[in-house]
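If you want the building blocks of each chain, they are given just below.
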Amino acid sequence: MVRALVAACVLALLAGCGTGTVGGNTGAQNSGAQNSGGPITVETARGQVSLAKPATKVVVLEWAYTEELVSLGVTPVGNADNDGYKKWVTAPGSALPGGVADLGQRQEPSLERIKTLAPDLIVGEEKTIAVNYDQLKAIAPVVSFDYPVKPQFETMRKNYEQLAKAVGKQDKGKEVLARLDAKAAEVKSRIKPDTSYAFAQAYSVNGTPTIRMFTGDTLVVQVLGLTGLRSTWQGQPDSWGLSTVGVEGLTQVPAGAALLYVAQNDDNPFTGALAGNPVWQNLGFVKQKKLYPLDPGTWTFGGPLSAVQLLDGVGKALAP
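From a predicted model like this one, the values you see are computed outputs, not experimental measurements. Residues take numbers from 1 onward in each chain, read along the sequence in its written order. This being a predicted model, a pLDDT of at least 70 is required before a residue's local features are given, and a value of 80 or more before pairs of side-chain atoms are given or counted; all residues contribute to the totals for chains, interfaces and linings. Values reported for side chains reflect all heavy atoms of the structure, with hydrogen atoms and water molecules removed beforehand.

Caption draft 1: Broad picture of the layout of surface pockets. Cavities and pockets were defined on a 1 Å grid built over protein atoms only: a cavity is a set of grid points that admits a 1.4 Å probe from which the probe cannot escape, a pocket is an open set flanked by protein on both sides within 12 Å along at least five of seven lines, and lining residues are those with an atom within 4 Å of any such point. Grid points are joined across faces, edges and corners, and a volume is the space filled by probe spheres set on the points. Considering only enclosed or pocket space, the largest pocket measures out at about 230 Å³ in volume. Forming the walls of the largest pocket are 14 residues, and the residues nearest its centre are Pro92, Leu305, Val308, Gln309 and Asp312. Runs of H or I in DSSP of at least four residues are treated as helices and runs of E of at least two as strands, each being numbered from the N terminus. Looking at the lining of the largest pocket, the elements that each hand over two or more residues are helix H8 (170-190) and helix H12 (304-318).

Structure (structure tokens):
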């Protein structure tokens, strides 16, 4: 599962409402409608997309945008890989209501199921949307975003604002982003300035511990930068801003720096395969007890709610 998740990220991240329409979540979440129903234009990875009115039946094919729609009070009529979303995206307020149709894997969504839902908007990551763009466009208007575009934090905010516009929820979007800014300021007020750290995601590939280190290009490091924390990882980033290393690579984390990380409880190399490794045991953050696991459900490729969860977890770890 982890490998599938990682591959998905690199390649790119049921009953409840029942009606599956915008505003079909909770009453509190339904607030914030701004567009009165007239035509709107949204900036997307493919340029401007015009909609006759705010979308009310949305299909979403990437978890970051699923989280964002839910944060806006919008219950999608269909979502890619409901079970995976529920496992990996656990930020407060991000839970997928019941009744949302499961459209299959994010990389291979069922076009037939999407067509059956008769959505008025399809949202997804550009790299995966591009595979079936013509077929999707024949079903409904398509809004796609490029998630890892630098700087990723600004890109997340910009895309979120455009998605909020597409569903007529700009006011709600501003409210959610304001909560993110407030959480960053609150954590900053509690953490010692210029605290150094490195951030990792750990998992196993065919039983071999694998560690993804987050560089300054990533959303995670840019969000944590709002608090005054200083990332020390200088590894070479891939297109997502990540460096993949083994345990020896962790010797590059400077002495004195903390290691913040995310790993699943049933696949945590740091407490499992590496626990007795001499290299691991001699790392500075291990010997100094500066190793901090975060909630395994902290989605590092998500939207504002995941960013708030990240900030909250880091604040509790470094300034309990």
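Once you've had a look at it, read on.
Caption draft 2: Expanded view of H8. Working rule for helices: expected span equals 1.5 Å times residues minus one. Along its 21 residues, H8 runs 31 Å from first to last C-alpha, staying within 8% of the 30 Å computed at 1.5 Å per residue. Exposed residues in this analysis have more than 50% of their type's maximum accessible area, buried residues have under 20%, and partly exposed residues fall in between, with area computed by a 1.4 Å probe over protein chains only. All of the buried residues in H8 are Gln170, Lys172, Gly173, Val176, Leu177, Leu180, Lys183, Ala184 and Val187. Two residues qualify as a contact provided that any one of their heavy atoms is within 4.5 Å of a heavy atom in the partner residue. Along its buried surface, H8 packs onto helix H2 (63-71), helix H7 (152-166) and H12.

Caption draft 3: Spotlight on the pattern of salt bridges. Criterion for a salt bridge: a side-chain nitrogen of Lys or Arg within 4 Å of a carboxyl oxygen of Asp or Glu. One pass over the full model with this rule turns up 11 salt bridges. In this structure, the salt-bridge partner of Arg46 is Glu126, at a minimum N-O distance of 3.1 Å. With Arg46 in the loop between strand E1 (40-44) and strand E2 (47-51) and Glu126 in helix H5 (residues 126-129), the pair connects residues that are 80 residues apart, well separated along the chain. On the accessibility criterion, Arg46 (39% relative accessible area) is partly exposed. Here Asp312 and Lys316 are joined by a salt bridge, their closest N and O atoms 3.1 Å apart. A residue pair is termed a helical-turn pair when its members lie 3 or 4 positions apart in one helix, as Asp312 and Lys316 do in helix H12 at 4 residues. According to the relative accessible area criterion, Lys316 is exposed, its value standing at 55%. In the salt-bridge network here, residues are joined through shared partners; they are Lys183, Glu186, Arg190, Asp312 and Lys316.

Caption draft 4: Representation of the pairing of strand E12 (residues 258-262) within the structure. Burial of E12 is extensive: 5 of the 5 residues sit out of reach of the surface. The alternating pattern of E12 places Ala258, Leu260 and Val262 and Leu259 and Tyr261 on opposite faces, both of which are buried. In this sheet, E12 lies alongside strand E8 (residues 196-205) in parallel orientation, the contact comprising 5 bridges. If you follow Gln201 over to E12, its bridge partner there is Val262. Summarising the sheet, E12 and strand E13 (residues 291-293) pair through 3 bridges and their orientation is parallel. Directly across from Leu259, in E13, lies its bridge partner Leu291. Pairing between strands requires that DSSP locate at least two bridges from one strand to the other.

Caption draft 5: How the structure looks around unusual backbone geometry. Cis peptide bonds are those with omega within 30 degrees of zero, and the linkage from Lys150 to Pro151 qualifies with -15 degrees. Relative to the elements of secondary structure, Pro151 occurs in the loop between strand E7 (142-145) and H7. Residues other than glycine seldom take positive phi values, yet Asp81 does so here, at roughly 60 degrees. Among the secondary structure elements, Asp81 is positioned in the loop between strand E4 (78-79) and helix H3 (82-88). With a relative accessible area of 10%, Asp81 lands in the buried category. In this structure, Asn206 takes a positive phi of about 50 degrees despite not being glycine. Accessibility expressed as a relative area gives 66% for Asn206, which makes it exposed.

Caption draft 6: Spatial organisation of the sheet that holds strand E3 (residues 58-60). Taken together, 5 strands build an open sheet; the order of strands is E5-E4-E3-E6-E7 and the sheet is parallel. Strands with a single pairing partner mark the edges of an open sheet, and in this sheet they are strand E5 (101-102) and E7. Looking at chain direction, E3 and E4 are connected through 2 bridges and run parallel. Considered in E4, the bridge of Val59 is made with Gly78. Lying over the sheet, H2 contacts E3, E4, strand E6 (121-125) and E7, oriented at roughly 145 degrees with respect to E3. Working convention: axes come from line fits to C-alpha atoms, limited for helices to the stretch in contact. Angles between N-to-C directions cover 0 to 180 degrees.

Caption draft 7: Examining the confidence of the model for the protein more closely. Summary of the metric used: pLDDT quantifies the predictor's per-residue confidence within the range 0 to 100. Considering every residue of the protein, the mean pLDDT works out to 89; 89% of them sit at 70 or more. Per-residue pLDDT stays below 50 along residues 1-33; that stretch engages in 100 contacts with residues further than four places along the chain or on separate chains.

Caption draft 8: Fine view of the packing of aromatic side chains. For Phe, Tyr and Trp, where Trp contributes only its six-membered ring, two rings pair if their centres lie within 6.5 Å, and the inter-plane angle classes them as stacked under 30 degrees, edge-to-face over 60, or tilted in between. Tallied over the entire structure, the rule returns 10 aromatic pairs. Aromatic side chains Tyr65 and Phe145 sit 5.4 Å apart centroid to centroid with 55 degrees between the ring planes, which places their arrangement in the tilted category. On the criterion of sequence distance, the pair formed by Tyr65 in helix H2 and Phe145 in strand E7 is long-range, its members being 80 residues apart. When the ring of Phe270 is compared with that of Trp280, the centres are 4.6 Å apart and the planes differ by 20 degrees; the resulting orientation is stacked. Note that Phe270 is positioned in the loop between E12 and helix H10 (278-281) and Trp280 in helix H10, a separation of 10 residues in sequence. Owing to a relative accessible area of 4%, Phe270 belongs among the buried residues under this scheme. One aromatic cluster is present, formed by Trp63, Tyr147, Phe199, Phe214, Trp240, Trp299 and Phe301 through successive ring pairs. Above the face of the Tyr133 ring, Arg46 is positioned so that its terminal group lies 3.7 Å from the ring centre. Only when the NZ atom of a Lys or the CZ atom of an Arg is both within 6 Å of the ring centre and within 35 degrees of the ring normal do we say a charge sits over the ring. Cation over ring: Arg106 sits above Trp63, and NZ or CZ is 3.6 Å from the ring centre.

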